[in-house]
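What follows is each chain in one-letter form.
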Amino acid sequence: INHIVHNGGLYKRPFNEAFEETPMLVAVLTYVGYGVLTLFGYLRDFMRQWKIEKCQNATEREEQKDFVPLYQDFENFYNRNLYMRIRDSWNRPICSVPGAKVDMMERVSHDYNWTFTYTGRVIKDIINMGSYNYLGFAQKTGACQEAAAKVLSQYGAGVCSTRQEMGNLDKHEELEKLVARFLGVESAMAYGMGFATNSMNIPALVGKGCLILSDELNHASLVLGARLSGATIRIFKHNNMQSLEKLLKDAIVHGQPRTRRPWKKILILVEGIYSMEGSIVRLPEVIALKKKYKSYLYLDEAHSIGALGPSGRGVVEYFGLNPEDVDVMMGTFTKSFGAAGGYIGGKKELIDYLRTYSHSAAYAASMSPPVVEQIITSMKCIMGEDGTTIGRARVQQLAENTRYFRRRLKEMGFIIYGNEDSPVVPLMLYMPAKIGAFGREMLKRNIGVVVVGFPATPIIESRARFCLSAAHTKEMLDTALKEINEVGDLLQLKYSRRRLVPLLDRPFDETTYEETED
């Protein structure tokens, strides 16, 4: 059933990843559901216009009607009429550490989710299946918390300067040397924000006359960075190596549009784990293509660093590859390390260049010292440099939890996307009404989940996304699985027919998209 790749010896381990086909009836009913919601949306807009229904959405003031509109009414149709119905499923305020269990502030709405009122009640001990706390370092007790508190009393909370001015602390230097050692690269640089690590550094690496080949499901930070760079962007189908190779061949054969000059650089952008699909990049094949066509590789390990590999060193270790084969290794500290910020690792020349030319390095305030200490302590724990085996045990526990949770959900009959080793587990909901219903029913049963719909996913591929953690005990997972099973029966979510479509056999659209300054 599943597609296991060995690919001529490129893979040193089975690569088990598949996506089950959407049942035709479910797809049709999903489109019908969105159609009905849209029709009712137009009806309600008509009623609001004629003051039959109270209008609560933002509108232009009467005396400003002759000005260029600040608020495009039609563009907010989806938010006003579809998103507002299930708005209570998002932005729920928690009031505890986002560990294996969380406390949540109860809120109610008396006007169909336009506004919320807090009741003052706190819902205790909700099993947290939504936070990116992969290794369980989001905690208020233990070695990391004690070390961060000590550094807070010594250095304070903020630095009030950039790294290039008065904000370069010994702690920052220590962190960067540790990250380089952890990744197995020559040098590394840390940044205060993971999103900005991508969006501000890609423009420093490529510009006009360069070509970016980007996976169609790359994160918004990679997309923004690529657009800000001014380089030409072409999209390849998700994890599809035939699509990527075709673009590489075309780029080398045809060169730049009109002039036919060779591209100055060709940069491939991929992620380690894709946070909506739960899939893992086919890194051995990407590296083979990169070497064959003499291009550069930018790897975003936001979700994979700490979460994959025998010792938590990410997707490169997971496949048993050489870190030197990846030109730019990017990752974040916000997930596996329970902190904030991001890093870029690579050759010393690359990092020295970014220290001078990266906007994040030149203009952003330095990382907060307690946050830096949290990263240092958790990373040393993973590496075993704290004198314990706690870190390695957590990496192994996460892998066990991931395989167990995925296997049980598939046995129940749910459609689950992604790789069997990915701690990001998407459970397909499809229909718009089931997005809100699933989130509410799970919360009633004291399980906190994240539900995702359009435009974050394709319109017929709404889903619930579970994030596994090493902090989850088997009892917690069994409790969550029992409740998921009940809600699945209640909402009729068990769509699986065990017809899995291997990724390489998914429909391939040869269309490419270009964005140039012209």
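Within an unreviewed UniProt entry, the label attached to the protein chain reads serine C-palmitoyltransferase, and the organism entered is Rhabdornis inornatus. Per UniProt, the protein chain has the following entry under Cofactor (unreviewed entry): "pyridoxal 5'-phosphate".

(A) Region of interest: the overall build of the protein chain. A count of helices and strands for the protein chain gives 15 helices and 17 strands. Over its C-alpha trace the protein chain gives a radius of gyration of 24 Å, about what one expects of a compact globule, namely 24 Å for 518 residues. Across its three principal axes, the protein chain shows a C-alpha extent of roughly 65 × 60 × 60 Å. Within the protein chain, the fraction of its 518 residues that count as buried is 53%. Of the contacts formed within the protein chain by residues at least 6 apart in sequence, a portion of 71% connects residues at least 24 apart. For the protein chain, the accessible surface area stands at approximately 23,900 Å², while carbon and sulfur atoms represent 55% of it.

(B) View of the UniProt feature "transmembrane region" (unreviewed entry) in the protein chain. Residues given the UniProt feature "transmembrane region" (unreviewed entry) here are residues 24-43. A distance of 29 Å separates the end C-alpha atoms of residues 24-43, which is 100% helix and 0% strand.

(C) Local environment of the pattern of salt bridges. Taken as a whole and assessed by the stated rule, the structure comprises 35 salt bridges. A salt bridge links D250 to K246; the nearest nitrogen and oxygen atoms lie 3.2 Å apart. Here D250 pairs with K246, and both are found in helix α7 (residues 241-254), just four residues apart, close to one helical turn. Among the ionic contacts, a cluster of salt bridges with common partners joins E441, K444, R445, K482, E483 and E486.

(D) Representation of the UniProt feature "domain: Aminotransferase class I/classII large" (unreviewed entry) in the protein chain. Mapped onto this numbering, the UniProt entry annotates "domain: Aminotransferase class I/classII large" (unreviewed entry) at residues 124-484. For residues 124-484, helix accounts for 43% and strand for 17%, while the C-alpha atoms at its two ends are 19 Å apart.

(E) A look at the packing of helix α3 (residues 143-155) against helix α12 (residues 369-383). α12 packs onto α3 with a crossing angle of 150° between their chain directions and a minimal axis gap of 8 Å. Relative to α12, α3 is oriented so that their crossing is right-handed. Seen from α3, the contacting residues are A143, C144, Q145, A147, A148, V151, L152 and Y155; seen from α12, they are P369, P370, E373, Q374, T377 and S378. Class assignment of the residues belonging to the contact of α3 with α12 gives a composition of nine nonpolar, four polar and one charged.

(F) Seen up close, the domain arrangement of the protein chain. Domains assigned within the protein chain are domain 1 (19-128 + 388-498) and domain 2 (143-383). Its C-alpha centre places domain 1 at a distance of 29 Å from the equivalent point of domain 2. Domain 1 puts 20 residues into the contact, and the matching count from domain 2 is 18 residues. Here domain 1 packs against domain 2, burying approximately 1,500 Å² in sum over the two surfaces, 59% of which is carbon and sulfur. For the domain 1 face of the interface with domain 2, the top three residues by lost area are R392, V395 and V424, together amounting to 28%.

(G) Spatial organisation of the layout of surface pockets. Taken as a whole, the largest pocket holds about 970 Å³ of empty space. Forming the boundary of the largest pocket are 47 residues, of which M276, V452, G453, A456 and T457 lie nearest the centre. Contributions of two or more residues to the lining of the largest pocket are made by α1 (24-49), α2 (77-81), α5 (194-205), α6 (220-229), β10 (328-332), α14 (432-444), β15 (450-452) and β16 (462-467). It is α14 that provides the largest number of residues to the lining of the largest pocket, a total of four residues. Taken together, the residues of the lining of the largest pocket sort by class into 25 nonpolar, 13 polar and nine charged. Split by domain, the residues of the lining of the largest pocket number at least three in each of domain 1 (19-128 + 388-498) and domain 2 (143-383).

(H) Just the sheet that holds strand β7 (residues 232-236), in detail. Reading across from one edge, β5-β11-β10-β9-β8-β6-β7 is the order of the seven strands in this open sheet, with mixed pairing throughout. Where the open sheet ends on each side, the last strands, each with one partner, are β5 (187-191) and β7. Going from strand to strand, the sheet's axes swing by 20° on average, the running direction of each strand aside. Sheet topology places β5 next to strand β11 (residues 342-346); five bridges connect them, and they run antiparallel. Across the sheet, residue Y191 finds its bridge partner in β11, namely G342. Packed on one face of the sheet, helix α4 (residues 170-183) meets β5, β10 and β11 and runs near 125° to β5.

(I) Fine view of the environment of A157. As for its placement among the helices and strands, A157 is situated in the loop between α3 and α4. Distance from A157 to P369, taken between C-alpha atoms, is 6.4 Å for residues 212 residues apart in sequence. When near neighbours in sequence (up to four residues on either side) are disregarded, A157 contacts L152, S368, P369 and P370.

(J) Focus on α7. The end-to-end C-alpha separation of α7 is 20 Å, in line with the 20 Å expected for 14 residues at 1.5 Å each. Where the residues of α7 are buried, they touch β6 (211-215), β7, β8 (266-271) and α8 (283-292). Measuring from the side-chain oxygen of the N-cap residue of α7 to the backbone nitrogen of Q242 gives 3.1 Å; that N-cap residue is N240. Directly beyond the C-terminal end of α7, a positive phi value near 65° is found at G255.

(K) Representation of the packing of aromatic side chains in the model. The final tally for this structure, using the stated rule, is 17 aromatic pairs. Relative to W50, the ring of F46 lies with its centre 6.4 Å away and its plane at 55°, an arrangement referred to as tilted. For the pair Y132 and Y134, a centre-to-centre distance of 6.4 Å together with 45° between the ring planes defines the contact as tilted. According to the relative accessible area criterion, Y132 is partly exposed, its value standing at 29%. Among the residues examined, Y134 registers a relative accessible area of 0% and is labelled buried. Put simply, the rings of Y11, F15, Y318 and F319 pair up and form one aromatic cluster. Sitting over the ring of F116, R107 keeps its end group 4.1 Å from the ring centre. Lying over the aromatic face of F137, R394 brings its terminal NZ or CZ to 4.5 Å of the ring centre.

(L) Here's a closer look at the packing of α5 against helix α10 (residues 348-357). Running from N to C, α5 and α10 cross one another at 110°; their axes reach a closest spacing of 10 Å. What the angle tells us is that α5 and α10 run roughly perpendicular. Side by side, α5 and α10 meet where N201, A204 and L205 of the first sit next to L350, Y353, L354 and Y357 of the second. When the residues that make up the contact of α5 with α10 are grouped by side-chain class, the tally is six nonpolar, one polar and no charged.

About the cut-offs
- Residues numbered from 1 in each chain as written.
- Predicted model: local features only at pLDDT ≥ 70, side-chain atom pairs only at ≥ 80, totals over all residues.
- Heavy atoms only, no water.
- UniProt positions renumbered as here; feature names shortened; annotations may be inferred.
- Helix = DSSP H or I, 4+ residues; strand = E, 2+ residues; numbered from the N terminus.
- Rg over C-alpha atoms; globule rule 2.2 N^0.38 Å.
- Buried < 20%, exposed > 50% of the residue type's maximum accessible area, 1.4 Å probe, protein only.
- Contact = heavy atoms within 4.5 Å.
- Areas by Shrake-Rupley, 256 points an atom, 1.4 Å probe, with all protein chains shown as cover.
- Salt bridge = Lys/Arg side-chain N within 4 Å of Asp/Glu carboxyl O.
- Axes fitted to C-alpha atoms, helices over the stretch in contact; angles between N-to-C directions.
- Left-handed = near helix turned anticlockwise from the far one by under 90°.
- Nonpolar A, V, L, I, M, F, W, Y, C, P; charged D, E, K, R; others polar.
- Domains from an automatic or database assignment.
- Buried area = accessible area lost by both parts, 1.4 Å probe.
- 1 Å grid on protein atoms, 1.4 Å probe; cavity = no way out; pocket = protein on both sides within 12 Å on 5 of 7 lines; lining within 4 Å.
- Points joined across faces, edges and corners; volume = space filled by probe spheres on them.
- Pairing = 2+ DSSP bridges.
- Expected span 1.5 Å × (residues − 1).
- Polar contact = N/O pair within 3.5 Å; in protein donor to acceptor, adjacent residues only side chain to side chain.
- Phe/Tyr/Trp six-rings, centres within 6.5 Å; stacked < 30°, edge-to-face > 60°.
- Lys NZ or Arg CZ within 6 Å of the ring centre and 35° of its normal.
- Parallel < 35°, antiparallel > 145°, perpendicular 65-115°, else oblique.

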